[in-house]
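# Secondary and tertiary structure notes
Now for the letters of each chain:
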Amino acid sequence: MVADRVARIRPRLGVGLVVLVLLALGVGATVQWLRPLPQPALAGLRTPIRIPGTAPSLPWPSTGKAALGVQGLGTFGQVRDTRPAPIAGLAGVLTAYVVLKDHPISPDGHSGPTISVTPQTISTYQAGSAAGEPEVTVADGETLTELNALEGLLIDSGNDMATLLADWDAGTTSAFVTKMNLTALSLGLSHTHITDPSGADPGTVSTPSDLIRLGEAAMRIPVFSQIVSLGETTLPLTGLRYNPNFDLGQDGIVGIAAGSDTATNGCYLFAAQKTVNGQTVVLYGAVLGQSGPNGPNTAAVDAGDALVRAALPAINAVPVFPARHVVGELSAQWGASAPVMVAEPVTVIAWPGLSVPVTARLNKLTVPLVAGARIGVLQVHQGSHVTTEALKSAAPLSGPSASWRLTR
């Protein structure tokens, strides 16, 4: 009887095992079929793109230091820029930046609070005048507005105005110098060291690249950019004073500051702008340590203007890709592929020889794809500015076969 029972059970066990195997296979096949498909990848995208043509030949000064670049787009280069050098009156740019951050002035005609001339300011004025340094005439008991003092600092290069503003802002000049150095660090000016607020001390040093970064930050303050664009100003006791940046308004130059002294020679931090495709492009540059037969200040401004005249005309709207240009290939793990194109022309603001990084950001794709399906965006990176354009498939991308889905 036991043998009979075993004989009857065996076929049932066999059928059960077959059913279990078939169920397992079915479940496995279902799991395989329903598993998310791997996303296609974009291959063959060339980066960076080099803008065609010959890079502009720049008249770099044969002595001293210089650097030149376009805000948000890239750099034209530099010469002898790695070691810090004295910056003379360009220190006033950082002084004005700190003061305006602490004591903002509305750009709509306001002059800021009144500041009393201190004995320290009188002392600086007297010592500087005796030494033939640039000073704004002041008198004991006089008061100036914050705007007066900033104009005297940035337009007339008054060392005594730097002292006046420093003492007013921080209580003492030494405390203000500490604040200047901390601000320089916060702006990423790693090669800048300040020992005085006016730059009369040759221990106040920087590099052209650091000064360009400082100029970009300062020009974002409306009152600062308004002051440095003035060709002249009238100060209470001094009267009419002219900006030593004598190229203002020429060749697109809109600022920033020029300064010189015997130890430092001529220094010039400048900004020039032009409009390209409706966008304002700002060229920043700095030259240090310039001298010439017409004086160090003239030599510095002339050197900067020569760089502007060579570089600014080279900056234009440049077509990178025409519409429907194939920029790469979308490929899937199951062997399917399709060319990828830009939907519309891609144009960037650049100059010949500039290398422009290009990347692609793909959407989460569901296959199959039809021709013309939007798959993501192309991104052209230029400093802080990013140009984007839609990416589309130039041909269909088929989905995987049933066998591939079941056996992957």
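Just above, that's the structure.
All figures in this text were calculated on a predicted structure; none of them were measured in a lab. (Residues numbered from 1 in each chain as written. Predicted model: local features only at pLDDT ≥ 70, side-chain atom pairs only at ≥ 80, totals over all residues. Heavy atoms only, no water.)

### Side note on the packing of aromatic side chains
We count it as follows: Stacked, tilted and edge-to-face are the three classes assigned to paired rings of Phe, Tyr and Trp, where Trp is represented by its six-membered ring and a pair needs centres within 6.5 Å; plane angles under 30 degrees give stacked, over 60 edge-to-face, the rest tilted. Where helices and strands are cited, they refer to DSSP runs of H or I of at least four residues and of E of at least two residues respectively, numbered from the N terminus.
In total, this model carries three aromatic pairs according to the counting rule given. Plain terms: the ring middles of Phe-76 and Trp-351 are 4.1 Å apart, the flat faces sit at 15° to each other, and that makes the pair stacked. Here Trp-351 lies in the loop between strand E17 (346–350) and strand E18 (355–356) and Phe-76 lies in strand E4 (residues 74–79), a separation of 275 residues in the sequence. A ring pair is formed by Trp-334 and Trp-404, whose centres lie 5.5 Å apart and whose planes are at 65°; its orientation type is edge-to-face. Linking Trp-334 in the loop between strand E15 (326–331) and strand E16 (337–342) with Trp-404 in helix H10 (residues 402–407), this pair joins segments that are 70 residues apart in sequence.

### Concerning the side chain of Thr-207
Convention followed: With a 1.4 Å probe rolled over the protein chains alone, any residue whose accessible area is under 20% of its type maximum counts as buried; one over 50% counts as exposed, and the rest are partly exposed. Contact definition: two residues touch when any of their heavy atoms are within 4.5 Å.
Tracing the chain through its elements places Thr-207 in the loop between strand E8 (205–206) and helix H7 (208–219). For Thr-207, a relative accessible area of 1% puts it in the buried group. Not counting chain neighbours up to four residues away, the residues in contact with Thr-207 comprise Asp-81, Thr-82, Arg-83, Pro-84, His-191 and Leu-288.

### Concerning the environment of Gly-239
By the element assignment, Gly-239 lies in strand E10 (residues 239–242). Sequence separation between Gly-239 and Asp-160 is 79 residues, and the spatial gap between their C-alpha atoms is 16 Å. Discounting chain neighbours no more than four positions away, the residues touching Gly-239 are Thr-233 and Thr-234.

### Points about unusual backbone geometry
For the bond from Gly-255 to Ile-256, the omega torsion is 25°, close enough to zero to count as cis. Topologically, Ile-256 is positioned in strand E11 (residues 253–261). Geometrically, the link from Val-367 to Pro-368 is a cis peptide bond, its omega value of 5° lying close to zero. Relative to the assigned elements, Pro-368 resides in the loop between strand E19 (358–362) and strand E20 (374–382). Residues other than glycine seldom take positive phi values, yet Arg-80 does so here, at roughly 50°. As for its position among the elements, Arg-80 is in the loop between E4 and strand E5 (85–86). Located in the positive-phi region is Asn-265, a residue other than glycine, with phi close to 65°.

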